Amino acid sequence: MNPALLEHAQRAATKAYAPYSQFQVGCALLTAAGNIFTGCNVENASYGLTICAERNTIFHAVAEEGPGMRITSLAVIALGQEFPPCGACRQVIAEFAAPETPIWFLRDGKPLAMTMAELLPASFRL
Ligand code: THU
């Protein structure tokens, strides 16, 4: 595992804009090109406009590296909470990851990795 990636995610979570849910989420991903990108959730008074930390991070990575951006590892953390990525984010991660790509999050206080194939066994593909 890449413990540094979880630490990057933890730091990113402190930047979250989450005045409505108080659920501060941070994400960090490593790309095939060797870059690390981080992001946090950004909420909105019009709740549906909120963007999750994972999608914010992925969209930033594409904006920086271009359409060939590939995720080799991704970590997500919420301050004081433990959870795996939401369903919408799993679909977006799948677009840029392989079935064996590890997704790191905390379970019972310890880092746990599940592959994309485990998290989203039947992702939508065109
Ligand atoms: N959130 C994320 O950032 N990632 C997820 O995978 C699940 C949910 C955010 C969205 C919202 O700002 C807050 O957590 C509560 O749902």
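Read on for an overview of the structure. As the structure is a prediction and not an experimental result, all values here were calculated from the model.

**Quick notes on the nonpolar core**
- Residues Leu29, Ile58, Met69, Ile71, Leu74, Ile93 and Met116 are the most contacted members of the largest nonpolar core, which totals 22 residues.
- Those elements giving two or more residues to this core turn out to be strand S1 (25-31), helix H2 (53-65), strand S3 (71-78), helix H3 (87-95), strand S4 (102-107) and helix H4 (116-119).
- Tallying contributions element by element places S3 first for this core, with 4 residues.
- Listed in part, the 7 residues of the second largest apolar core include Leu6, Ala28, Ala75 and Ile77.

**Regarding a nonpolar patch on the surface**
- A contiguous nonpolar patch, built from Tyr17, Tyr20, Val42 and Tyr47 and spanning about 440 Å² of accessible area, is present on the exposed surface.
- Topologically, Val42 is positioned in the loop between strand S2 (36-40) and H2.

**Section: the site of the ligand**
- In the region of the ligand, the neighbouring residues are Ser21, Phe23, Val25, Asn41, Glu43, Thr50, Cys52, Ala53, Glu54, Phe83, Pro85 and Cys86.
- In the environment of the ligand, an oxygen atom lies 2.5 Å from a nitrogen or oxygen atom belonging to the side chain of Glu43.
- Bound to the protein, the ligand loses 80% of the 370 Å² it would expose on its own.
- Looking at side-chain class alone, the shell around the ligand contains 7 nonpolar, 3 polar and 2 charged residues.

**Description of the pairing of S4**
- Where S3 meets S4, 2 bridges bridge the pair, whose relative direction is parallel. Considered in S4, the bridge of Ala75 is made with Trp104.
- After leaving S3, the chain enters H3 and then returns to the sheet as S4, a path that is right-handed.
- The pairing of S4 with strand S5 (residues 110-115) spans 6 bridges and is classified as antiparallel. By the bridge assignment for S5, Pro102 is matched with Thr115.
- The hairpin formed by S4 and S5 contains 2 residues between the paired strands, and Asp108 there has a positive phi angle of roughly 55°.

**Comments concerning the packing of aromatic side chains**
- Going through the model one piece at a time under the given rule, you end up with 2 aromatic pairs.
- Pairing Tyr20 with Tyr47 gives two aromatic rings, centres 5.6 Å apart and planes at 50°, and the pair type is tilted. Placement of Tyr20 in the loop between helix H1 (3-13) and S1 and of Tyr47 in the loop between S2 and H2 is noted, with a sequence separation of 27 residues between them.
- Judged by relative accessible area, Tyr20 falls into the partly exposed class, the value being 41%.
- Look at Tyr47 and you get exposed, because its relative accessible area is 60%.

**Description of the packing of H2 against H3**
- The N-to-C vectors of H2 and H3 enclose an angle of 25°; their axes lie 9 Å apart at closest approach. By the angle class used here, H2 and H3 are roughly parallel. The handedness of the crossing between H2 and H3 comes out as left-handed. Residues Glu54, Arg55, Ile58 and Phe59 of H2 lie in contact with H3, whose contacting residues are Ala88, Cys89, Val92 and Ile93.

The rules behind these values
- Residues numbered from 1 in each chain as written.
- Predicted model: local features only at pLDDT ≥ 70, side-chain atom pairs only at ≥ 80, totals over all residues.
- Heavy atoms only, no water.
- Core = buried A, V, L, I, M, F, W, Y, C linked by side-chain atoms within 4.5 Å.
- Buried < 20%, exposed > 50% of the residue type's maximum accessible area, 1.4 Å probe, protein only.
- Helix = DSSP H or I, 4+ residues; strand = E, 2+ residues; numbered from the N terminus.
- Patch = residues over 30% accessible without salt bridge, like charges linked within 9 Å, V, L, I, M, F, W, Y side chains within 5 Å.
- Areas by Shrake-Rupley, 256 points an atom, 1.4 Å probe, with all protein chains shown as cover.
- Salt bridge = Lys/Arg side-chain N within 4 Å of Asp/Glu carboxyl O.
- Near = heavy atom within 4 Å.
- Polar contact = N/O pair within 3.5 Å; in protein donor to acceptor, adjacent residues only side chain to side chain.
- Nonpolar A, V, L, I, M, F, W, Y, C, P; charged D, E, K, R; others polar.
- Pairing = 2+ DSSP bridges.
- Right-handed = clockwise from strand over helix to strand, strands pointing away.
- Phe/Tyr/Trp six-rings, centres within 6.5 Å; stacked < 30°, edge-to-face > 60°.
- Axes fitted to C-alpha atoms, helices over the stretch in contact; angles between N-to-C directions.
- Parallel < 35°, antiparallel > 145°, perpendicular 65-115°, else oblique.
- Left-handed = near helix turned anticlockwise from the far one by under 90°.
- Contact = heavy atoms within 4.5 Å.

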